[in-house]
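# Residue-level structural notes
Residue strings, one per chain:
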Amino acid sequence: MNRVIFKVLRPIRKYGLRTFSAATSDLLNASHNHSATTGILEKTNSTDNVPQYDVAIVGGGMVGVALACSLATMPLTKHLNVALIDSNPALMAGGSIKKEDPPDPRVSTVTPATISFFKGMGAWKYIQLHRHAFFDRMQVWDYTGLGYTRYSAGDVDKEVLGCVVENKVLHRALLSCMEESNMQKTIYPARLSALDLSFSLKSDNVSSQPHANVAKLNLSNGDILYAKLVVGSDGSKSHVRELAGIKTTGWKYPQNAIICTVEHAVENRCAWQRFLRSGPIALLPIGDNFSNIVWTMDPKQAAECRSMDEADFLKAVNEALDYGHGPHPQSETKGGGGLFSWLKLDTTPSANEPFEVPPRITKLASERMVFPLSLMHANSYVSKRVALIGDAAHTVHPLAGQGVNMGFGDASSLSRVISEGVAVGSDIGEISLLRRYESERKAANIAMMAVLDGFQKAYSVDFGPLNVLRAAAFHGANYISPLKKNIISYASGEQGIPLFS
Amino acid sequence: MASKLLLSQLRTLTNLTYRRFINPEFICPLRPELLIGSRTYSDAPHLPPVDPVPSPIIGDNPLRKTKISSSLNQAELAKFSAISETWWDAEGPFKPLHAMNPTRLAFIRSTLCRHFGKDPYCAKPFEGLKFLDVGCGGGILSEPLARMGATVTGVDAVDKNIKIARLHADLDPVTSSIDYLCTTAEKLVEEKRKFDAVFALEVIEHVADPAEFCKSLSALTVSNGATVVSTINRSIRAYATAIVAAEYILHWLPKGTHDWSSFLTPEELVLILQRASISVQEIAGFVYNPLTGKWFLSDDIGVNFIAYGAKIDE
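Conventions we followed
- Residues numbered from 1 in each chain as written.
- Chains lettered and ligands numbered in written order.
- Predicted model: local features only at pLDDT ≥ 70, side-chain atom pairs only at ≥ 80, totals over all residues.
- Heavy atoms only, no water.
- Helix = DSSP H or I, 4+ residues; strand = E, 2+ residues; numbered from the N terminus.
- Buried < 20%, exposed > 50% of the residue type's maximum accessible area, 1.4 Å probe, protein only.
- Areas by Shrake-Rupley, 256 points an atom, 1.4 Å probe, with all protein chains shown as cover.
- Salt bridge = Lys/Arg side-chain N within 4 Å of Asp/Glu carboxyl O.
- Phe/Tyr/Trp six-rings, centres within 6.5 Å; stacked < 30°, edge-to-face > 60°.
- Lys NZ or Arg CZ within 6 Å of the ring centre and 35° of its normal.
- UniProt positions renumbered as here; feature names shortened; annotations may be inferred.
- Axes fitted to C-alpha atoms, helices over the stretch in contact; angles between N-to-C directions.
- Parallel < 35°, antiparallel > 145°, perpendicular 65-115°, else oblique.
- Left-handed = near helix turned anticlockwise from the far one by under 90°.
- Contact = heavy atoms within 4.5 Å.
- Nonpolar A, V, L, I, M, F, W, Y, C, P; charged D, E, K, R; others polar.
- Core = buried A, V, L, I, M, F, W, Y, C linked by side-chain atoms within 4.5 Å.

## What about the overall build of chain A?
Scanning chain A from terminus to terminus reveals 14 helices and 20 strands. A total of 501 residues make up chain A; the buried ones form 63% of that total. Accessible surface, chain A as shown: approximately 18,400 Å² in total, 54% of it carbon and sulfur.

## So, the pattern of salt bridges
For the coordinates displayed, the defined rule picks out 24 salt bridges over all chains. The salt bridge partner of Arg-106 of chain A is Asp-104 of chain A, with a shortest N-O separation of 3.2 Å. Two residues, Arg-237 of chain B and Asp-300 of chain B, come together in a salt bridge whose shortest N-O distance is 2.9 Å. Note that Arg-237 of chain B is positioned in helix H8 (residues 236-249) and Asp-300 of chain B in the loop between strand E8 (294-298) and strand E9 (304-311), a separation of 63 residues in sequence. Look at Asp-300 of chain B and you get partly exposed, because its relative accessible area is 28%.

## Re the packing of aromatic side chains
Counted according to the given criterion, the structure contains 13 aromatic pairs over all chains. Judged by centre distance (5.5 Å) and plane angle (75°), the ring pair of Trp-141 of chain A and Phe-355 of chain A falls under edge-to-face. On the criterion of sequence distance, the pair formed by Trp-141 of chain A in strand E5 (residues 137-142) and Phe-355 of chain A in the loop between helix H10 (310-320) and strand E16 (361-364) is long-range, its members being 214 residues apart. Residue Trp-141 of chain A is classed as buried on the basis of its relative accessible area, which comes to 0%. Under the relative-accessibility criterion, Phe-355 of chain A is labelled buried at 11%. Geometrically, the ring pair formed by Phe-126 of chain B and Phe-131 of chain B is tilted, given 5.1 Å between the ring centres and 50° between the ring planes. Across the pair, Phe-131 of chain B and Phe-126 of chain B agree in class, each one buried. Aromatic rings pair up to connect Phe-117, Phe-118, Trp-124, Phe-134 and Phe-408 of chain A into one cluster. Against the face of Phe-313 of chain A rests Arg-368 of chain A, its NZ or CZ located 4.8 Å from the ring centre.

## Here we look at the UniProt feature "binding site: Mg(2+)" (unreviewed entry) in chain B
All names here are of chain B. Mapped onto the present numbering, the UniProt feature "binding site: Mg(2+)" (unreviewed entry) falls at Glu-202, Glu-205 and His-206. In this structure, Glu-202 sits in the loop between strand E5 (195-201) and helix H7 (210-220). The buried category is assigned to Glu-202, whose relative accessible area is 0%. If you trace the backbone, Glu-205 turns up in the loop between E5 and H7.

## Focus: the packing of helix H3 (residues 62-73) of chain A against helix H7 (residues 167-180) of chain A
Residue and element names in this part refer to chain A. Packing of H3 against H7 leaves a shortest axis separation of 9 Å and a crossing angle of 25°. Compared by their axis directions, H3 and H7 come out roughly parallel. Like other packed secondary-structure pairs, H3 and H7 cross with a definite hand, here left-handed. From H3, Met-62, Val-65, Ala-66, Ala-68 and Cys-69 reach across to H7, where they touch Asn-167, Leu-170, His-171, Leu-174, Leu-175, Cys-177 and Met-178. Partitioning the contact of H3 with H7 into residue classes produces 10 nonpolar, two polar and no charged.

## Looking at the nonpolar core
Core analysis: the biggest nonpolar cluster contains 81 residues, and Phe-118, Leu-174, Met-178, Leu-217, Leu-225 and Leu-414 of chain A have the highest contact counts within it. In terms of residues, this core owes the most to one element, H3 of chain A, which gives nine residues. Setting aside residues up to four positions removed in sequence, Phe-118 of chain A forms contacts with Ala-123, Trp-124, Ile-127, Leu-170, Leu-174 and Phe-408 of chain A. Among the nonpolar cores identified, the runner-up in size contains 38 residues, and Tyr-180, Ala-226, Leu-297 and Ile-306 of chain B belong to it.

This is the structure we're talking about:
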């Protein structure tokens, strides 16, 4: 019984929302060899002219800037003095995003929980100025033709299931929000080169562990700064994590994801995901007549798909979303007792919606990018004066796109913990305080990672009975309404694990 | 009758809501072997077991301000750092104390913000107020109070504690303003010092005459100021946890650290504070939940409790 429930849960989760958290790490890796200077405000303080900060955020990607914004908007933390260390020129440039540009293929599906986090910080209004696409329906099916699931926001009395936003829009919105705040912040356009976590300001011979009251950061441009707390938001290859000696656990999947932007003849308002033998393919609306493709497959196929000409690629995508690789599942609107008709306990309004074929793709609107897939989890999220957030703490299989939402969850949680520490006069780099953040986020993140990894594994096998089980899972998800509502809420980031909450 | 009155007064006190501000989930989990009681920060780790009725508050040191100066030799400094390490190592022997600290500070913050009419959404609500921490030990309470904006004076009768506290506080510009003195409450009374709020946390069970001690606390508090006292209840449960388990089973505290008979019940504490012109406004208990590994404030004042009172206008 448990087994069945477990199987039921797996394929469903996936429809959660997807994201590409690739942008963050890209921004970070893309950086480099900037020698400081452009319009930087140096804050010098007391001893030796070395500036001291309350928080040094290493990595100014979406998650790092979100933390800065969150700190800037809470009453007890807005006075904190924050340093943001990232060599990405976008942080300094304050550039704008041109509306006419076709959508960038790096997009994130933000959950309602993330949207309310943005609204709370006052960052959502900037998203609204740019292209973004809400979707209120989702359809999930697989190549066996045995089942499908349709979700609609109405099932949980919501207006939307999620919103697809380009990563550069999310990043720009957060930067605007940060610039608008009165927080004392300094941007260092450099990379972290060394980190001393047992540094004492009273450096006379007694700079042993007990006196360590700040972290000392050496930057690639020669700058030195002190901070009570160093936050690593520097992506999956986190340098902070490495310098703090925090180990990780993880593995690579024998799969790559190919992503790109495509155009349809009509507007798309639904998120589509189909499980193929080689891996899932997803089609997400990103506004106007554009959609985003995320297609997971083995690395050899991915390389072929990237190099084939546009017409062949479009044909392959259209096939993958239609009759290719297997038949359509049968719509069961006529009550025709299919294999799983006994499961029909229903229910939610969307349960009787017939299966639909996604809108055809007419044009490729961006280059095709290929990313390797991997799973990584830091063994601990904190150590003395260090906290890891976002991809620095965990990288997930991007197929469900929970990555950046998990990162925003981290930023929100860490800023709350810092605020609670300030309330009772704690040293904000104290490990006992930081552990509160870790215990809050680790459980949530591990659960999500296990679910996503389970999906990947469930679909990496093509075996008759397993296919039937997966199909049963679709039916279960489609027709058992409490389960369905539960799943939608979990994927929206609004509650814990279905059935356990 | 009088005791009945007191009891009903206590009930009202503990029912007041002091949790508006307090997230009970503050505290990091304790190691399982430390499930018991809490406390002891006025007991420095290097001290020999205290004699049954110690009175660290009545010291014989001449009043002096102890500052680490450049005249100190490096060996001395190194020695202090070693001790300081145990006081301030959040994972060390004082871990339970560090774990509990945010809980008592949450109580202090919420009650005193109300008492002094300060904005609880301000990062430094106690700016402009003079606080006295009696029995400050290594400064575990004094430093957070200073970060919350207060002008803090910390006193301890043990000279070494003061040195450690000074050394640690000097590491942060915010806490380096704390004035640490090796002296006693009585001496300060003689000097006619006055403070807006006076704290004696986990100290009163170690003094020879709690009633006299409370009078000193009162004398140090300005009219309409606040006094905060925390201690252990003289209950069977306290005996089982704070003494039998903590000292004899877990060897968490040196044997003889606490003498059960010198503990005060909340009723007694309210009474002696009342006689010293301090009217207790709120009492809360500290409770450890072994399942979640967290300390939280509770109405259960059976073991550890904290009381906040207002100095009656004379």
